Amino acid sequence: MKFKIRTPNTIVLMLMLLTLFAALTWIIPGGNYDRVIEDGREVVDPQSFAFGESDPASMIDLFQAPIKGFTDSYAVSIILFVFIVAGAFSVIQRTGAFELVIHKAARFFKNNPQFRPVFVPFFMILFSIMGMSFGMSEEVLVFIPLFLALSHAMGYDSITGMAIPFVGAGLGFAGAIYNPFTIGIAQGLAEIQLFSGSGLRFVLWILMTTLGIYMVARYAARVHRDPTISPLYGHEDHQRTAEESESFGEGGQQINAGHITILILFFATLVLLIYGVLKWDWYILELSTLFFVLGISSAIIGRLSSNDAVGSFVGGMKDVLGAVLVIALSRSILLLISDANIIDTILFYMSSGIGGLHPVFSAELMLMVQTCINVIVPSGSGQAALTIPIMAPLGDLVGITRQSVVLIFQLGDGLTNMIIPTSGITMGCLGMAKIPWEVWAKWLLPRMVALYVLALAVIAFAVLTGY
């Protein structure tokens, strides 16, 4: 008899984590660091720690904690930002602008097999750009059926069809330059200028995307030469999928001036976002307003009816409801241990454990910690809300800049998103592709090792140069 182990829902895992920390408030002693102002922000004085009284969480505190997570002012602002950005992109998706461009490009490659060598690089770069700029995540689900069918029609397998959009967007997300859901929120929590330090992240994005393209394209070429090397060989109905691919891009809506205008407006919004943050000190209120205007403008230009526009906006908000719950629960954990007066004690123990190491080794241990936490908290914004308030001052204590701490966070969060079974997006894409998780994990794991080697090298460079 085979026993199937089911992974608990992320919300359940978060509630279990909240309960664990409530129990730890009875074990970990209270303690405090003195805070000083340095470079315009509050940092801990590493020599000032002293043990003190703790205030262990009661059962009432435990049950009230999730509610407090929703009422916390900073959590509310993050939740509002996530809702509005998701709603705006849902409206853009409803206009069909992005989807039509990708469909037309896909049809071009299918009808012009002489361009096969650039098929994988072209689309992986396209999806990586969307991952690094606006944090494409749930949206990638829309493209899985198209690339599965197209990959089969071109002589590839389902793993290639899954990897092009999913790994492409995932690499962009991990090596993000301006992702508002991860970089924006994490830098705000770390009290550093939003989207600062983009130079090294741009290099990281190029290296990450290039390495990913090489690995996927090399595999695709091998499968094209010898289909039997595919882990799914003999388990796919290639003929049926190839026939289905004939329907993609045939007839239907054509790209018009409205679609082109929406795409131009989208990229203009990203430029204005960067300029506003760097020159006018924009933060969550202004950025939320910017994306709200983007959503309204796209609906008007795309000639959506009021019902379609509102329905799409609300639908986008519904898509991130799980992430919003994770954000609130993450915040509730921090509020619980803060009220118990044990946050500084946790910092003291963590810094004592890695403080004697070279900062490079400390940073790479922090990457491993973020990676492990991401298994439990696969939401980027939720993980930022949970870990950055602890990791940023920990970096101060062990000689790692807050900019480097954010870099460590985005890599620890982004890379494992492509393989962890607790990610709803990962499991959803695999379900659509009919690829068993263990097959996908076996294929991706050695490639993940190469990506982590690159991540460790970039982190080492960041720490050594004081990034």
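Cut-offs used in this document
Residues numbered from 1 in each chain as written. Predicted model: local features only at pLDDT ≥ 70, side-chain atom pairs only at ≥ 80, totals over all residues. Heavy atoms only, no water. Helix = DSSP H or I, 4+ residues; strand = E, 2+ residues; numbered from the N terminus. Rg over C-alpha atoms; globule rule 2.2 N^0.38 Å. Buried < 20%, exposed > 50% of the residue type's maximum accessible area, 1.4 Å probe, protein only. Contact = heavy atoms within 4.5 Å. Lys, Arg positive; Asp, Glu negative; His and termini not counted. Charge placed at Lys NZ, Arg CZ, Asp CG, Glu CD. Axes fitted to C-alpha atoms, helices over the stretch in contact; angles between N-to-C directions. Parallel < 35°, antiparallel > 145°, perpendicular 65-115°, else oblique. Left-handed = near helix turned anticlockwise from the far one by under 90°. Nonpolar A, V, L, I, M, F, W, Y, C, P; charged D, E, K, R; others polar. pLDDT = per-residue confidence, 0-100. Phe/Tyr/Trp six-rings, centres within 6.5 Å; stacked < 30°, edge-to-face > 60°. Core = buried A, V, L, I, M, F, W, Y, C linked by side-chain atoms within 4.5 Å. Salt bridge = Lys/Arg side-chain N within 4 Å of Asp/Glu carboxyl O. Expected span 1.5 Å × (residues − 1). Patch = residues over 30% accessible without salt bridge, like charges linked within 9 Å, V, L, I, M, F, W, Y side chains within 5 Å. Areas by Shrake-Rupley, 256 points an atom, 1.4 Å probe, with all protein chains shown as cover. Polar contact = N/O pair within 3.5 Å; in protein donor to acceptor, adjacent residues only side chain to side chain.

Further remarks concern the overall build of the protein. Per the secondary structure count, the protein includes 20 helices and four strands. For 467 residues, the compact-globule formula gives about 23 Å, and the C-alpha radius of gyration of the protein, at 23 Å, lands near that figure. Expressed as lengths along the three principal axes of its C-alpha atoms, the size of the protein is roughly 70 × 50 × 50 Å. Put simply, the protein has 467 residues, and 55% of those count as buried. The contacts of the protein with a sequence gap of at least 6 include a subset with a gap of at least 24, amounting to 81%. In the protein, 24 side chains carry a positive charge and 31 a negative one; their mean positions are 12 Å apart.

So, on to the packing of helix 3 (residues 73–95) against helix 14 (residues 321–339). Taken N-terminus to C-terminus, the directions of helix 3 and helix 14 make an angle of 165°; their axes are 10 Å apart at the nearest point. Between helix 3 and helix 14, the crossing angle belongs to the class labelled roughly antiparallel. For the element pair helix 3 and helix 14, the recorded crossing hand is right-handed. Counting all contacts with helix 3, which are made through Tyr74, Ala75, Ile78, Ile79, Val82 and Phe83, the residues of helix 14 involved are Leu321, Val324, Ile327, Ala328 and Arg331. Tallied by class, the residues present in the contact of helix 3 with helix 14 amount to 10 nonpolar, no polar and one charged.

This paragraph deals with unusual backbone geometry. Keep in mind that most residues, glycine aside, have a negative phi and that most peptide bonds are trans. The backbone phi angle of Glu191 is positive, close to 60°, even though this residue is not glycine. Looking at where Glu191 falls in the secondary structure, it is placed in the loop between helix 8 (180–189) and helix 9 (198–225). Overall, Glu191 belongs to the partly exposed group, its relative accessible area being 42%. Positive phi, normally seen in glycine, also occurs at Asn341, with a value near 65°. As for its placement among the helices and strands, Asn341 is situated in the loop between helix 14 and helix 15 (343–354).

Interpretation of the predicted coordinates at a detailed level should be avoided for regions scoring low in pLDDT. Per-residue confidence for the protein gives a mean pLDDT of 84; residues scoring 70 or more make up 91%. Within the protein, the element-level pLDDT minimum falls on helix 10 (residues 238–245), averaging 45, and the maximum on helix 9, averaging 95.

Summed over the entire model, instances satisfying the criterion amount to 26 aromatic pairs. Centroid distance Phe51 to Phe348: 5.8 Å. Interplanar angle 85°. Geometry classified as edge-to-face. Remark: Phe348 occurs in helix 15 and Phe51 occurs in strand 4 (residues 50–52); sequence separation between them is 297 residues. Residue classification places Phe51 among the partly exposed residues on the basis of a relative accessible area of 49%. What makes Phe348 partly exposed here is its relative accessible area of 25%. With a centroid separation of 4.9 Å and 75° between ring planes, the pair formed by Phe123 and Phe147 is classed as edge-to-face. Here the residue Phe123 occupies a position in helix 5 (residues 119–134), and Phe147 occupies one in helix 6 (residues 144–153), the gap between them amounting to 24 residues. Each member of the pair Phe123 and Phe147 is classed as buried. In textbook terms, an aromatic cluster arises when at least three aromatic residues are bridged by ring pairs, as seen for Phe81, Phe89, Phe181, Phe266, Phe267 and Phe291.

Take the nonpolar core next. Counting residues in each nonpolar core, the largest one holds 150 residues, and the members touching the most others are Phe119, Phe123 and Trp440. Residues contacting Phe123, with those up to four places away along its chain left out, are Ile102, Ala105, Ala106, Phe109, Phe147 and Ile164. Counting five residues, the second largest nonpolar core, distinct from the first, contains Val91, Ala299, Leu304 and Ala309.

Before going further, it helps to spend a moment on the pattern of salt bridges. Throughout the structure, instances matching the rule amount to four salt bridges. Residues Lys68 and Asp339 are paired through a salt bridge, measuring 3.8 Å at the closest nitrogen-oxygen approach. Of the two residues, Lys68 sits in helix 2 (residues 59–71) while Asp339 sits in helix 14, which places them 271 residues apart along the sequence. For Arg402, the salt bridge goes to Asp396, with nearest N and O atoms at 2.6 Å. Taking relative accessible area as the criterion, Arg402 reaches 5% and is therefore assigned buried. For Asp396, a relative accessible area of 25% translates into the label partly exposed.

A separate point is helix 12 (residues 284–301). Between the first and last C-alpha of helix 12 there are 25 Å, a value that for 18 residues agrees with the 26 Å anticipated at 1.5 Å per step. Along helix 12, the residues classified as buried are Ile284, Leu287, Ser288, Leu290, Phe291, Leu294, Gly295, Ser298 and Ala299. In the core, the buried residues of helix 12 are packed alongside helix 3, helix 8, helix 11 (257–280) and helix 13 (306–319). Of the residues flanking the end of helix 12, it is Arg303, one or two places downstream, whose phi is positive at about 55°.

Before going further, it helps to spend a moment on helix 6. Among the 10 residues of helix 6, eight are classified as buried, and the element is accordingly described as predominantly covered. Every buried residue belonging to helix 6 is among Ile144, Leu146, Phe147, Leu148, Ala149, Leu150, Ser151 and His152, and all of these are buried. Gly155, located one to two residues past helix 6, shows a positive phi value of around 95°.

This part is about the environment of Trp280. Locating Trp280 in the fold gives a position in helix 11. Separated by 258 residues in sequence, Trp280 and Ala22 have C-alpha atoms that sit 41 Å apart. Residues contacting Trp280, with those up to four places away along its chain left out, are Leu272 and Tyr275.

Turning to a nonpolar patch on the surface, a few remarks are in order. Together, Val101, Ile255, Ile260 and Ile264 give the surface a local cluster of nonpolar side chains, amounting to about 320 Å² of exposed area. Relative to the elements of secondary structure, Ile255 occurs in the loop between helix 10 and helix 11. Look at Ile255 and you get partly exposed, because its relative accessible area is 37%.

By the secondary structure assignment, Gln383 is in helix 17 (residues 380–398). On the basis of relative accessibility, which here comes to 0%, the residue Gln383 falls in the buried class. In terms of polar contacts, Gln383 uses its side chain to reach the side chain of Gln370, at 2.6 Å. There is a polar contact of 3.3 Å between the side chain of Gln383 and the side chain of Asp413. The residues contacting Gln383, other than those within four sequence positions of it, are Gln370, Ile373, Asn374, Val377, Ile388, Phe409 and Asp413.

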